[in-house]
Amino acid sequence: MVGSLDYTYYKEHAQDVKLDDITSSERNKNIIQKLRDGDSEFTSLYILDDDRNGEDDEFIVLEGDDLGWLGYFVGENKRLGGLFIKCYLPPGTS
């Protein structure tokens with residue numbers, strides 16, 4: 001597991017990162033690509049712990065998803081107007 005990376009690392013590697021290496025599914029890969037490329041049609045993102053509606057704007061967090069990269073691309077995106085997070089922690093965690 002990679003330790004915490006800083007902003008400079010993400011900025012320097014953003015265009016070269018292999019999306020298959022940082023995502024768990026084709027849908028999550030497509031979301032990261034839309035965020036990275038500034039897709040003007042992609043204006044809202046739902047980060048969820050399970051598949052709700054099967055929509056193209058639902059990033060389902062699974063093993064293999066690098067949330068550091070997701071956070072970087074969300075933060076850099078200028079078109080995203082809505083960010084919704086709905087994840088439940090297992091009992092006994094915080």
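It should be emphasised that the depicted structure is a prediction, and the values quoted were computed from it without experimental measurement.

The rules behind these values
- Counting from 1, residues in each chain are numbered in the order their sequence is written.
- Local features are withheld for residues below a pLDDT of 70 in this predicted model, meaning they are given only at 70 or higher, and side-chain atom pairs are given and counted only at 80 or more; totals for whole chains, interfaces and linings count all residues.
- By convention in this description, side-chain values take in all heavy atoms of the structure and omit both hydrogens and water.
- Each helix is a run of DSSP H or I of at least 4 residues and each strand a run of E of at least 2, with the numbering of both proceeding from the N terminus.
- Buried means the residue's accessible area, taken with a 1.4 Å probe over protein chains only, is under 20% of the maximum for its type, while exposed means over 50%, and partly exposed covers the values in between.
- Charge counting follows a simple rule: Lys and Arg are positive, Asp and Glu are negative, and His as well as the terminal groups are ignored.
- What counts as a salt bridge is simple: a side-chain nitrogen of Lys or Arg found within 4 Å of a carboxyl oxygen of Asp or Glu.
- N or O atoms closer than or at 3.5 Å make up a polar contact, with two conditions inside protein: a donor-capable atom paired with an acceptor-capable one, and, for residues adjacent in sequence, both atoms drawn from side chains.
- The contact rule is simple, with two residues in contact once any of their heavy atoms fall within 4.5 Å.

**Concerning the environment of Asp-50**
In this fold, Asp-50 is placed in the loop between strand 1 (44-48) and strand 2 (58-60). In this structure Asp-50 comes out as partly exposed when scored by relative accessible area, which is 37%. A sequence separation of 12 residues divides Asp-50 from Leu-62, and the C-alpha atoms of the two residues are 8.5 Å apart.

**Observations regarding the side chain of Asp-65**
Of note, Asp-65 is situated in the loop between strand 2 and helix 4 (67-76). Among buried charged residues, Asp-65 stands out as having no salt bridge; its nearest opposite-charge side chain is Arg-27, 9.7 Å away. Engagement of the side chain of Asp-65 in a polar contact is seen with the side chain of Asn-28, the distance being 3.1 Å. Within the structure, the side chain of Asp-65 is placed 2.8 Å from the backbone nitrogen of Leu-62, a separation counted as a polar contact. When sequence neighbours within four positions are dropped, the list of residues in contact with Asp-65 reads Ile-22, Thr-23, Ser-24, Asn-28, Phe-59 and Ile-60.

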